[in-house]
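Okay, here's what each chain looks like letter by letter:
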Amino acid sequence: MPARSDNRADDALRSWSLEVPPFGAAQGRVLIRAGRTTLLCTASVEENVPPWMVGKGKGWVTAEYNMLPSSVSPRKRRERAKVDGRTTEIQRLIGRSLRAAVNLDALGERSVTVDCEVLEADGGTRTAAITGGYVALVQALSSLEEFPTANDLPIVESIVAVSVGIVDGRALLDLDYKEDFAAAVDMNVVMTGSGRFVELQGTGEEATFDSDELAAMVKIAQQGTAALSVLQEHALQAND
């Protein structure tokens, strides 16, 4: 059985870190590293909501995602006039996932925008954006005088995400780019810290998968998200 490129076990995460960078003006910010994949996630609060939500007494959480030109090789052309379909799909996934964390009624008529900038892409950027974006979101809400303690925050559940896939017939956790490229099946799993599912995105890449393979992927995803939830807690505690 061939070893993974970094000699991880099939059900092992890459080396992850979440830390607050010493730069940036946003209320929430976190630098995420998952192996070589590196993102900067920031969260900014505005005292208004989109026009279609005015007067409803509830808030909104949305996300933007961008890959810097030098995050991949060859250089990715910068998106200027129009966001491409892949980027739009990822932004919607991040936004949906993070809204599951928040009691929008308790947030009040204010908006939080989570910006996810990919500095280096080596697989799993969208799941890293969700995992780090949640930390930035909590930091931003904690900066508001209306929510002086952690118990006052309009947070329903923590949100965490990880990638899994079937490569050479094996269920692998937290795929890097080479593994994702070779995967017969890949899946993004978004969960709450208490173990409930928010979203499953699974696709056979010119292949199919059965219920046993699905169960194997879900099992290791649950292990991975549980470990990443602990990492999120440590990052937030370090920022207190």
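The rules behind each value
Residues numbered from 1 in each chain as written. Predicted model: local features only at pLDDT ≥ 70, side-chain atom pairs only at ≥ 80, totals over all residues. Heavy atoms only, no water. UniProt positions renumbered as here; feature names shortened; annotations may be inferred. Helix = DSSP H or I, 4+ residues; strand = E, 2+ residues; numbered from the N terminus. Rg over C-alpha atoms; globule rule 2.2 N^0.38 Å. Buried < 20%, exposed > 50% of the residue type's maximum accessible area, 1.4 Å probe, protein only. Contact = heavy atoms within 4.5 Å. Areas by Shrake-Rupley, 256 points an atom, 1.4 Å probe, with all protein chains shown as cover. Lys, Arg positive; Asp, Glu negative; His and termini not counted. Charge placed at Lys NZ, Arg CZ, Asp CG, Glu CD. Pairing = 2+ DSSP bridges. Axes fitted to C-alpha atoms, helices over the stretch in contact; angles between N-to-C directions. Expected span 1.5 Å × (residues − 1). Parallel < 35°, antiparallel > 145°, perpendicular 65-115°, else oblique. Left-handed = near helix turned anticlockwise from the far one by under 90°. Nonpolar A, V, L, I, M, F, W, Y, C, P; charged D, E, K, R; others polar. Polar contact = N/O pair within 3.5 Å; in protein donor to acceptor, adjacent residues only side chain to side chain.

Per an unreviewed UniProt entry, the protein chain goes by the name Ribonuclease PH and belongs to Adhaeretor mobilis. Within the UniProt record for the protein chain, the comment given under Catalytic activity (unreviewed entry) is "tRNA(n+1) + phosphate = tRNA(n) + a ribonucleoside 5'-diphosphate".

Visitor: Sorry if this is basic, but what is going on with the overall build of the protein chain here?
Guide: Secondary structure assignment for the protein chain yields five helices and nine strands. Helices (α) and strands (β) of the protein chain occur, in sequence order from the N terminus, as β-β-β-β-α-α-β-α-β-β-α-β-β-α. For 240 residues, the compact-globule estimate of 2.2 N^0.38 gives 18 Å, and the protein chain sits close to it at 18 Å. Expressed as a percentage of its 240 residues, the buried residues of the protein chain come to 48%. When contacts within the protein chain are restricted to residue pairs at least 6 apart in sequence, those whose partners lie at least 24 apart make up 69%. Entry remark: accessible area of the protein chain is about 11,900 Å², with carbon and sulfur atoms responsible for 49%. Side chains of the protein chain give 24 positive and 34 negative charges; the mean places of these two sets differ by 6 Å.

Visitor: How should I be thinking about the UniProt feature "domain: Exoribonuclease phosphorolytic" (unreviewed entry) in the protein chain in this particular structure?
Guide: Per the UniProt annotation, the sites labelled "domain: Exoribonuclease phosphorolytic" (unreviewed entry) are residues 14–140 and 159–224. Annotation note: span residues 159–224, helix share 30%, strand share 44%, distance between end C-alpha atoms 13 Å.

Visitor: Sorry, what's going on with the side chain of Arg-14 here?
Guide: Take Arg-14: it is sitting in the segment before strand E1 (16–19). On the basis of relative accessible area, Arg-14 is assigned to the buried category, the value being 7%. When near neighbours in sequence (up to four residues on either side) are disregarded, Arg-14 contacts Asp-6, Arg-8, Ala-34, Gly-35, Thr-37, Asp-122, Gly-123, Gly-124, Asp-174, Leu-175 and Asp-176.

Visitor: What's the story with the sheet that holds strand E5 (residues 111–120) in this structure? I'm lost.
Guide: In sheet architecture, strand pairing relies on hydrogen bonds along the backbone and comes in two forms, parallel and antiparallel. The five strands lie next to each other as E1-E2-E3-E5-E4, forming an open sheet whose pairing is mixed. The open sheet has two free edges, formed respectively by E1 and strand E4 (60–67), since each of these has just one partner strand. Here the average twist between neighbouring strands, direction ignored, is 15°. Sheet strands touched by helix H3 (residues 125–142): E1, strand E2 (28–34), strand E3 (37–46), E4 and E5. Its angle to E3, the strand with the most contacts, is close to 35°.

Visitor: It is not clear to me how helix H1 (residues 85–99) should be interpreted in this structure. Could you clarify?
Guide: Structural remark: α-helix, 3.6 residues per turn; residues separated by three or four positions point the same way. Compared with the 21 Å implied by 1.5 Å per residue over 15 residues, the 21 Å span of H1 between its first and last C-alpha is a close match. All buried positions along H1 are accounted for by Thr-87, Ile-90, Gln-91, Leu-93, Ile-94, Gly-95, Ser-97 and Leu-98. If you follow the buried residues of H1, they end up packed against E4, E5, H3, strand E6 (159–167), strand E8 (185–192) and strand E9 (197–204).

Visitor: Explain the packing of H1 against H3 here, please?
Guide: It is at 10 Å that the axes of H1 and H3 come closest, and there the two elements cross at 40°. Judged by the angle between their axes, H1 and H3 are oblique. Seen from above, H1 lies across H3 with right-handed handedness. For the pair H1 and H3, contact is made by Arg-86, Glu-89, Ile-90, Leu-93, Ile-94, Ser-97 and Leu-98 and by Thr-125, Arg-126, Ala-129, Ile-130, Gly-133, Tyr-134 and Leu-137, respectively. For the contact of H1 with H3, the residue count by class is eight nonpolar, three polar and three charged.

Visitor: Where do I start with helix H5 (residues 211–238) in this structure?
Guide: Given a rise of 1.5 Å per residue, 28 residues ought to cover 40 Å, and the 40 Å separating the end C-alpha atoms of H5 matches this to within 8%. The complete set of buried residues in H5 reads Met-217, Val-218, Ile-220, Ala-221, Gly-224, Thr-225, Leu-228, Ser-229, Gln-232, Ala-235 and Leu-236. Against E1, H3, E6, strand E7 (170–173), E8 and E9 lie the buried residues of H5. For H5, the N-terminal capping position is held by Asp-210, with its side-chain oxygen 3.1 Å away from the main-chain nitrogen of Asp-212.

Visitor: Sorry, what's going on with the environment of Ile-90 here?
Guide: Along the polypeptide, Ile-90 turns up in helix H1. C-alpha separation for the pair Ile-90 and Ala-63, spaced 27 residues apart in sequence, amounts to 9.1 Å. Apart from the residues lying within four places of it in its own chain, the contact partners of Ile-90 are Tyr-65 and Arg-126.

Visitor: Just to check I follow, could you spell out the UniProt feature "binding site: phosphate" (unreviewed entry) in the protein chain for this structure?
Guide: The positions UniProt marks with the feature "binding site: phosphate" (unreviewed entry) are Arg-86, Gly-124, Thr-125 and Arg-126. The annotated residues occupy 41 residues of the chain but converge on a single region, no pair of C-alpha atoms lying more than 13.9 Å apart. Mapping Arg-86 onto the fold places it in helix H1. Residues in contact with Arg-86, not counting those within four places in the same chain, are Tyr-65, Met-67, Thr-125 and Arg-126. Its place among the elements puts Gly-124 in the loop between E5 and H3. Once you skip the residues sitting within four places of it in the chain, Gly-124 turns out to touch Arg-14 and Leu-175.

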